[in-house]
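# Working through the structure, step by step
As a plain string of letters, each chain reads:
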Amino acid sequence: MREFMVDFLLGVIVFLQIVDIVVTKKIVDKGGKELNKLLSWLMKELGVLPALLVTKGMLITVLLIAYGYYNIPFLKEVLFLICLGYIYVIYFNVKSLRK
């Protein structure tokens, strides 16, 4: 049986990815710069929205594969740290939008 916290954290991560796409797109549309060099390069090659969708889709795919193998040690903790990392990124991005 799956643990509620793992399901919850995966849902939070998906939500945070959607928020990050919206906020990052607003920043780039206002002339801001993507600080992640790989993502910045992908944005130049594919366009802003396609690059964001590809990278976020890849992250969610990897997490769903990990979810399928629930016996991975420390999965809850890793998912929690990913949530914290994206909360920080979104906070930083929203803060830079307000400048």
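Note that the structure is a prediction, hence the values are computed from the model and not measured. (Residues numbered from 1 in each chain as written. Predicted model: local features only at pLDDT ≥ 70, side-chain atom pairs only at ≥ 80, totals over all residues. Heavy atoms only, no water.)

### What about the overall build of the chain?
To keep things clear, this is the line we draw: A run of DSSP states H or I qualifies as a helix once it reaches four residues; a run of E qualifies as a strand once it reaches two. Both are numbered from the N-terminal end. Relative accessibility under 20% of the residue-type maximum defines a buried residue, over 50% an exposed one, and the middle range a partly exposed one, all with a 1.4 Å probe and only protein chains included. Contacts are residue-level and defined by heavy atoms, with any inter-residue pair within 4.5 Å sufficient. Only the protein chains shown count as cover for residues, with accessible areas throughout obtained via the Shrake-Rupley method and a probe of 1.4 Å.
Looking only at helices and strands, the chain has four helices and zero strands in total. Listing each helix as α and each strand as β along the chain from the N terminus yields α-α-α-α. Each principal axis of the C-alpha atoms in the chain carries an extent, and together these give about 45 × 30 × 15 Å. Among the 99 residues that make up the chain, the fraction classed as buried is 26%. In the chain, of all internal contacts separated by at least 6 residues, the share reaching a separation of at least 24 is 73%. Carbon together with sulfur atoms contributes 71% to the accessible area of the chain, which is approximately 7,000 Å² in total.

### Regarding the packing of helix H1 (residues 4-29) against helix H3 (residues 48-68)
Quick reminder of the rule: Axis lines are fitted through C-alpha atoms, for helices just across the contact stretch, and the angle between N-to-C directions can take any value from 0 to 180 degrees. Convention used here: angles under 35 degrees read as roughly parallel, angles over 145 as roughly antiparallel, angles from 65 to 115 as roughly perpendicular, and any remaining angle as oblique. Here the nonpolar group is Ala, Val, Leu, Ile, Met, Phe, Trp, Tyr, Cys and Pro; Asp, Glu, Lys and Arg are the charged ones; every other residue, Gly included, is treated as polar.
Taken N-terminus to C-terminus, the directions of H1 and H3 make an angle of 170°; their axes are 10 Å apart at the nearest point. One element, H1, and the other, H3, form an angle in the roughly antiparallel class. Contacts between H1 and H3 involve Val6, Asp7, Leu10, Ile13, Val14, Gln17, Asp20, Ile21, Thr24, Lys25 and Val28 from the former and Val48, Leu49, Leu52, Leu53, Lys56, Leu59, Ile60, Leu63 and Tyr67 from the latter. Partitioning the contact of H1 with H3 into residue classes produces 14 nonpolar, two polar and four charged.

### Details of the side chain of Lys56
Relative to the helices and strands, Lys56 is located in helix H3. Not counting chain neighbours up to four residues away, the residues in contact with Lys56 comprise Gln17, Asp20, Ile21 and Tyr86.

### Overview of the packing of H1 against helix H4 (residues 75-97)
Our working rule: Crossing handedness follows the turn of the near helix against the far one: under a right angle anticlockwise gives a left-handed crossing, and clockwise gives a right-handed one.
As a packed pair, H1 and H4 sit with axes 9 Å apart at the nearest point and diverge in direction by 20°. Taken together, the axis directions place H1 and H4 in an arrangement best described as roughly parallel. Considering the relative orientation of H1 and H4, their crossing is left-handed. Taken together, the residues of the contact of H1 with H4 sort by class into 21 nonpolar, four polar and three charged.

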